[in-house]
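Architecture and fold: a report
These are the residues of each chain, in order.
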Amino acid sequence: MTTPATAPELAEPGTAARAGGARYVLGKVGGAVVSLFVVVVLGFFLFRVLPGDPIRLMSRNTSVGTKQVAELRHQFGLDKPLPAQFADYVVALAHGDLGVSLKFSRPVSDLILQALWPTLLLVGVATLISILLGLWQGTRAGWRRGTGFDRFSTGTALALWSAPTFWLGMIFLVVLGSWFPTQGIVDPDTPAGFLPQFLDVLHHLTLPCLTLVAVLYAQYLLVMRSSVVEEMDADYLTTARAKGLRDDVVRSRHAVPNALLPTVTLIFINLGFVVGGAVSVEAVYSWPGLGLLLYQSIADHDGPLLQGLLLVLAGAVLVMNLIGDLLLRVIDPRVRAA
Amino acid sequence: MTSAIVWRRRRAAAGRLWDQFRSQRGGLFGLVILAVIVLLALLAPVITDPSGLDVTHATGGALKPPGDGFLLGTDETGRSVLLLLLWGSRVSLLVGFAATLLCVGIGTIVGIVMAHFGGWVQAVLMRVTDFFLVLPSLVLAAVLSTVLTPGIGSIIIAIAATAWPTTARLVRSQTLAVESRPYIERSWALGAGHWHVIGKHVLPAVLPLVFANTTLTVGQSIITESTLAFLGLGDPNSASWGEMLHNALQVGAVTARAWWYLLPPGLAIGVVVLAFMMCGRALEAVLNPRLRER
C-alpha cells in the first residue's frame, strides 16, 4: 500500500525549509482542490453520460409514457445541452443545493445533514476502538514475534478481516440479537432526559460498533506489527537495552513512537475502507446514517440522493486525507525533509 | 538461439520458486484448499443436477434445517443450500478472477507507463491514482453498478475500476527499482526502444510480484461482489454467494435463525479469501528477499 520511503535526510532548519514547507502545504491543498473538482465532475457525468439515463434509471421499475419522460426531462433540466446542465449543477452546488430526493421529496442536503451525526458517532467510536485495539495487539504481537500470542491475535484478526462485513453483522444478529436491539439508534418509548437517552443509544450502538471494529482492527494490527518488527533490529534499541532499560520501557518509550508513524498514514488512507464498512453495517442494523441512506437510494433508484451521497462521502474522505498529509508533516521530521 | 537459453533459465527459476513455495506450509495449505474449491466449482455441472436450481423443481420444504437428504438444509423455496453453494462458487470465483485480471491489467499498464516515461505523464497519472486510491471504493463501485446496465459484466467493471490503484502503485515502485539497474542502461546504449525495455526487461522482472499481490485482489473482489449483491446490485439470474446472502436476508433468515442458510455462503467467502491470502503471503515471502532472510 505504501511504498518504502527513500533514504531519509534530516531537514536543515532555516528559511529554505520554511519556504519548502509553504510549497508543500500549497501543493497538497491545491491537489485536494483539484481532486474535489474531479469528484464533482465525476458525480455529474456518471449520472448523465453513462448508458444509464437518469430518467430511465428512476423509472426502471415502472412504466412511464414518452410524454411523461419528456416532462421529467424538462423538469430536471435534462433537455438542455450538457455544458449548460453542468453550469446549472455547479452553481446549485455552490449554494449547497444538492437537488431534491425523488423518494423522500425533500432536499438532499437536509437528508444528508440529518444522517451525518449517527454515522459520525458510529464510525468515530468504532475507529477509535479499532485503533486502540489494533495498536495494542499489534505492538505486543510484533514485540514477541512467533509466540502463541502473536499467532493467535494475528490469526483471529485476519479471519475476521476476511469475512464480508454485512455477513458478520448478520451472524452477530443471530447470536446476540436477543440481548441487544437489532435496529435503529434509539427506541421511541425511551423517556426523555439525557441519561436514559444516552444509555439507549449506547445499547443500540453496541452491535453495529462491534461489527465494524471486528472488520477494521486487523489493518491497524498488521501494520503496527510489521512496523514494530522493522524497528526491532534498529541500533537505537540496542543502545536503549545496553543502557539497562527494562524491556517494557524500551518498547513503549523507544520502539512504539517510531513504529506509530506508518500507522498514522494508514488511519487516513483507510478512511475510504471505513466508509465502505459503515455502509454495510448501517444497512444490516438499519442505523439511520449515511450508509443506510445510500442503501435506500440504491434500492429506490433515487438518482439525486445517490449523487449527493457520492459527493459528500468522497469529499469528506478527500478532506480527511489532506488533513492527514498535513498532520504527518508536523509529527514526522523525515517527511518534512523529503 | 538466445531465446531458448532465456526460456531454460526462466524455467529453472520457476522450478526454484516452486521448491521455495513448497517449503512454506501456510501457502501450500492455502493452495490445496483453493485447488479443491476451484475443482468443485468446475465439476459442479458433472457431480450435481442443475435442475435442482430451478424453483419449480425444488423438492424440499421451505427453510428446513439440515437432514432429510439435504446436507445443508433448504432455502425459502425448498432448494438445497449445498447445491446453491456449489453453483454459487462458480459465479463468485468468476467475478473474483475476471475483476482481478482487469484490475491487474489496468494497474500494470498505468504503473509501468508512470515509472517508464516519468515527467508530466507520471505527475498526471500519479494524481489520478492517488485520487482513486483514497476514494471510498465501495461507494464508487455501488454508484457504477447502479448507472451501468445490470449484470455480471457491470459488476466486474465496477470492481476493477475501483481496485486498480494499489496495483498501479506497486508496479510503479517496482519498475522504478528495475529501471535504475545498470543492465537497463546497457540495453538503452545498445539501441533498445521503449517496447524492448518494457517487454523484455521490465515486465518479466515486475510480473512475479504483481502476481503475489494479485492473490489478495481476488479475495477482495469476491468480498466486494458479495457486498454489492447484498446492497441489491447483484445479478439475480446468476446466484453468487453474495446473492445467496442477499436472498437470505430478504426472506428473514436472520429472524428465523436459519443458520444453515446464513453460515455456509459467508464461511465459503471467508475460506476462499483466507486461502488466497495464505498463498499471497507465501509467494511474497519467496519473491521478496528482504522477507526471506527473517
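Quick caveat: nothing in here was measured; it's all calculated off a predicted structure.

Residues and elements named next belong to chain A. Although it is not a glycine, S105 adopts a positive phi angle of roughly 50 degrees. Note on placement: S105 falls in the loop between α4 (82-94) and α5 (108-143). Here S105 falls in the exposed class, since its relative accessible area comes to 57%. A positive phi is found at H301, a non-glycine position, where the angle reads about 50 degrees. The topology assignment puts H301 in the loop between α12 (290-299) and α13 (303-331).

Before going further, it helps to examine the confidence of the model for chain B. Confidence in the prediction of chain B, expressed as mean pLDDT, is 83, and 92% of residues score 70 or more. At the level of chain-chain contacts, confidence expressed as ipTM amounts to 0.84, with global pTM at 0.84.

Our focus in this paragraph is the packing of helix α2 (residues 25-47) of chain B against helix α3 (residues 81-117) of chain B. Residue and element names in this part refer to chain B. At their nearest, the axes of α2 and α3 sit 8 Å apart, and the two run at 115 degrees to each other. Relative to α3, α2 is oriented roughly perpendicular. Relative to α3, α2 is oriented so that their crossing is left-handed. Of the residues in α3, those touching α2 at I37, V38, L40, A41, L42, A44 and P45 are L86, W87, S89, R90 and L93.

Quick look at the UniProt feature "transmembrane region" (unreviewed entry) in chain A now. Residue and element names in this part refer to chain A. Taking the numbering used here, the UniProt-annotated feature "transmembrane region" (unreviewed entry) corresponds to residues 29-50, 115-136, 157-181, 201-223, 259-285 and 305-328. Taken as a whole, residues 259-285 contains 96% helix and 0% strand, while its terminal C-alpha atoms sit 36 Å from one another. Across residues 305-328 one finds 100% helix and 0% strand; the C-alpha atoms that close the span lie 34 Å apart.

Glancing now at the UniProt feature "transmembrane region" (unreviewed entry) in chain B. Residues and elements named next belong to chain B. Feature annotation in UniProt places "transmembrane region" (unreviewed entry) on residues 26-47, 93-119, 131-164 and 258-283, given in this structure's numbering. The distance from the first to the last C-alpha atom of residues 93-119 is 39 Å, and the span holds 96% helix and 0% strand. Along residues 258-283, the helical share is 96% and the strand share 0%, with 39 Å between the first and last C-alpha atoms.

Right, let's get into the domain arrangement of chain A. Residue and element names in this part refer to chain A. When its domains are assigned, chain A resolves into domain 1 (15-94) and domain 2 (109-337). Overall, the association of domain 1 and domain 2 removes approximately 1600 Å² of surface from exposure, summing both partners, and the carbon and sulfur fraction of that is 75%. The largest per-residue losses of area from domain 1 upon contact with domain 2 belong to Y24, V39 and F47, which jointly make up 33% of the total buried on that side. Taken together, domain 1 and domain 2 are joined by 1 salt bridge. Ionic pairing is found between K28 and D325, a salt bridge with its closest N-O pair at 3.5 Å. Linking domain 1 with domain 2 are 2 residue pairs in polar contact (both at pLDDT 80 or more), by the criterion used here. Contributions of two or more residues to the side of domain 1 that touches domain 2 are made by α1 (15-46), α2 (54-58) and α4. Per element, the largest residue contribution to the side of domain 1 that touches domain 2 is 15 residues, and it comes from α1.

Definitions and cut-offs
Residues numbered from 1 in each chain as written. Chains lettered and ligands numbered in written order. Predicted model: local features only at pLDDT ≥ 70, side-chain atom pairs only at ≥ 80, totals over all residues. Heavy atoms only, no water. Helix = DSSP H or I, 4+ residues; strand = E, 2+ residues; numbered from the N terminus. Buried < 20%, exposed > 50% of the residue type's maximum accessible area, 1.4 Å probe, protein only. pLDDT = per-residue confidence, 0-100. Axes fitted to C-alpha atoms, helices over the stretch in contact; angles between N-to-C directions. Parallel < 35°, antiparallel > 145°, perpendicular 65-115°, else oblique. Left-handed = near helix turned anticlockwise from the far one by under 90°. Contact = heavy atoms within 4.5 Å. UniProt positions renumbered as here; feature names shortened; annotations may be inferred. Domains from an automatic or database assignment. Buried area = accessible area lost by both parts, 1.4 Å probe. Salt bridge = Lys/Arg side-chain N within 4 Å of Asp/Glu carboxyl O. Polar contact = N/O pair within 3.5 Å; in protein donor to acceptor, adjacent residues only side chain to side chain.

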